Amino acid sequence: MVNSAIRKLVMHAASDEAARRGHRWCIVGMVIAVTLGAIGGAYVASRPFLGGLTTLSLFLSMIALGMVVAEGFFTMEGLYGQRRRDLRAQNIWHTLRDGGLPEEPYVLYLRPFSSTDAMSEVKISTIQVQTGTKHLIFGTDNLEFETQIERAVRPIGTMVGLGRPLEHEGAGRITLSDDIWKEAISALMANAELIIMLPSPDGGTRWEVETLLGSELMRKTVIIDPPNNASRRKDYDPVGEWTEARRVFSDKGFALPEDEPGGQLIWFGANREPSDFHRLSLDEVGEMRRFFKRIAKRETTQIENQNQFHQ
């Protein structure tokens, strides 16, 4: 109920500037909530007449309340960031639909809808605190698959894909009717700086796979073999999806490698066998970013060389 109300509030941001303002106010709200929680806790702790147990309970309650409110602002801050990406994605599609070329570069993300919010990894981190005796504090961070991929491609352009607004934090969503989605995907493929595909043998994703394999678009496409241990839903089986996708690739004369349990990024280039690989690790956004930028640069260089040759 709370999340639904927050999403409705964020959806009222009808422009990039409105979403940007909401994003800024959420950051301010987080700071205020944490500060007031700390001040309230300190005030309670300074009242000795309350008694030890009562003081401790009130102190922890004030701190917890501040953190809960800050968490709410943190959630809203992420949604406002997604709202901005959704608006940019819609603008990109509207420009292409109207026969123009988008002013900003973008990366097209193709995936089966069943993979949305289905994969993540938990990263355990440690912080060493210097005291009389050293202590290690352990913490965890949930690394969501699509979110990390989106962060990795930001230097290339806005990552866009089909879906509903605010359904997930990652690619900016473009909402389309069933009768025009193939036309839209074809236009988005043709004008993308880079295409990232999570292959599937089923539904619309199979059509997208076959379209790419039958065109020159594979030269700017990175195939993702997701880490097997990242799946957290029974309705999405990355191993089974990959096995069946290999058959689709094989039918088109492409040699998709066997599943790599830890995950990998694969680029075919102009060949029917992979030309470049990279180990996929969701907590190494910088490494993924360098790989994506390298592939995008190679494709740009190839196109420039071809244009010079024809001239």
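Residues numbered from 1 in each chain as written. Predicted model: local features only at pLDDT ≥ 70, side-chain atom pairs only at ≥ 80, totals over all residues. Heavy atoms only, no water.

Colleague: Can you help me understand the layout of surface pockets in this one?
Modeller: Rolled over the atoms, a probe as big as a water molecule pinpoints where empty space is left. A volume near 880 Å³ is recorded for the largest pocket. If you trace the largest pocket, you find 32 residues lining it, with F74, G78, T147, R151 and E169 closest to the centre. Looking at the lining of the largest pocket, the elements that each hand over two or more residues are α1 (2-11), α3 (52-97), β3 (135-144), α4 (145-153) and β4 (158-162). In terms of residue count, the dominant contributor to the lining of the largest pocket is α3 (ten residues). The calculated volume of the second largest pocket comes to roughly 440 Å³. Taken together, 26 residues make up the lining of the second largest pocket; nearest its centre are R111, F113, L162, W181 and E208. Those elements that place two or more of their residues in the lining of the second largest pocket are β1 (106-110), β4, α5 (181-191) and α6 (203-213). Of all the elements, α6 adds the most residues to the lining of the second largest pocket, at four residues. For the lining of the second largest pocket, the class distribution of residues is nine nonpolar, ten polar and seven charged. (1 Å grid on protein atoms, 1.4 Å probe; cavity = no way out; pocket = protein on both sides within 12 Å on 5 of 7 lines; lining within 4 Å. Points joined across faces, edges and corners; volume = space filled by probe spheres on them. Helix = DSSP H or I, 4+ residues; strand = E, 2+ residues; numbered from the N terminus. Nonpolar A, V, L, I, M, F, W, Y, C, P; charged D, E, K, R; others polar.)

Colleague: What is the right way to read the pattern of salt bridges from this model?
Modeller: Where charged atoms of side chains with opposite charge meet at close range, the side chains can pair. Under the defined criterion, the tally for this structure stands at 20 salt bridges. Salt-bridge contacts for R173 lead to E146; the nearest nitrogen and oxygen are separated by 2.5 Å. Here R173, found in strand β5 (residues 172-174), pairs with E146, found in helix α4; they are 27 residues apart in sequence, far enough to count as distant. Across the pair, exposure class does not vary: R173 and E146 are buried alike. Through salt bridges that share partners, D16, E17, R20, R21, R24, R84, R88 and E104 make up one connected network. (Salt bridge = Lys/Arg side-chain N within 4 Å of Asp/Glu carboxyl O. Buried < 20%, exposed > 50% of the residue type's maximum accessible area, 1.4 Å probe, protein only.)

Colleague: Before we go on, may I ask you to explain the sheet that holds β4 in this structure?
Modeller: Two orientations exist for strands paired in a sheet by backbone hydrogen bonds: parallel and antiparallel. In space, the seven strands of this open sheet follow the order β5-β4-β1-β6-β7-β8-β9, with mixed pairing throughout. At either end of the open sheet lies a strand with only one pairing partner, and these are β5 and β9 (276-279). When the angles between neighbouring strand axes are averaged without regard to direction, this sheet yields 25 degrees. One ladder, built from three bridges, connects strand β6 (residues 194-197) with strand β7 (residues 221-225); its direction is parallel. Looking at the pairing, I196 lines up with V222 of β7. Contacting β1, β4, β5, β6 and β7, α4 crosses the sheet at an angle of about 140 degrees to β4. On top of the sheet, α5 reaches β1, β4, β5 and β6; it is set at about 135 degrees to β1, its chief contact. (Pairing = 2+ DSSP bridges. Axes fitted to C-alpha atoms, helices over the stretch in contact; angles between N-to-C directions. Contact = heavy atoms within 4.5 Å.)

Colleague: What's the story with empty space enclosed by the protein in this structure? I'm lost.
Modeller: This structure, assessed with the given rule, holds one cavity of 30 Å³ or more. Here the largest cavity defines a volume of roughly 30 Å³. Along its surface, the largest cavity is lined by Y109, S115, T116, M119, E144, F145, E146 and L198. A breakdown of the residues in the lining of the largest cavity according to their chemical character gives four nonpolar, two polar and two charged.

Colleague: So what exactly am I meant to see when it comes to the confidence of the model for the protein chain here?
Modeller: Interpretation of this model should avoid reading the predicted coordinates in detail wherever pLDDT is low. Mean pLDDT for the protein chain: 86, with 87% of residues reaching 70 or above. A low-confidence stretch, residues 135-140 stays under pLDDT 50, and its non-local contacts, those more than four residues away or across chains, total 18 contacts. Under a pLDDT of 50 for its full length, residues 303-311 has, in the predicted model, two contacts with residues more than four places off or in other chains. (pLDDT = per-residue confidence, 0-100.)

Colleague: Sorry, what's going on with the packing of aromatic side chains here?
Modeller: Inspection of every chain in the model, using the stated rule, returns four aromatic pairs. On the basis of an interplanar angle of 75 degrees and a centroid distance of 5.2 Å, the ring pair of W181 and W207 is categorised as edge-to-face. With W181 in helix α5 and W207 in helix α6, this pair connects stretches of sequence that are 26 residues apart. The exposure class of W181 is buried, given its relative accessible area of 19%. You can call W207 partly exposed: its relative accessible area is 23%. Seen from their ring centres, F291 and F292 are 6.2 Å apart, and the 65 degrees between their planes marks the pair as edge-to-face. Judged by relative accessible area, F291 falls into the buried class, the value being 0%. Among the aromatic residues, those joined into a ring-pair cluster are F249, F254 and F268. (Phe/Tyr/Trp six-rings, centres within 6.5 Å; stacked < 30°, edge-to-face > 60°.)

Colleague: Just checking my understanding: could you explain unusual backbone geometry for this structure?
Modeller: Leaving glycine out, the prevailing phi sign among residues is negative, and the prevailing peptide bond configuration is trans. With a phi angle near 60 degrees, D117 is a residue other than glycine that sits in the positive phi range. Tracing the chain through its elements places D117 in the loop between β1 and β2 (120-129). In this model, L166 sits at a positive phi of 60 degrees, which is unusual for a non-glycine residue. The residue L166 is located in the loop between β4 and β5 in this model.

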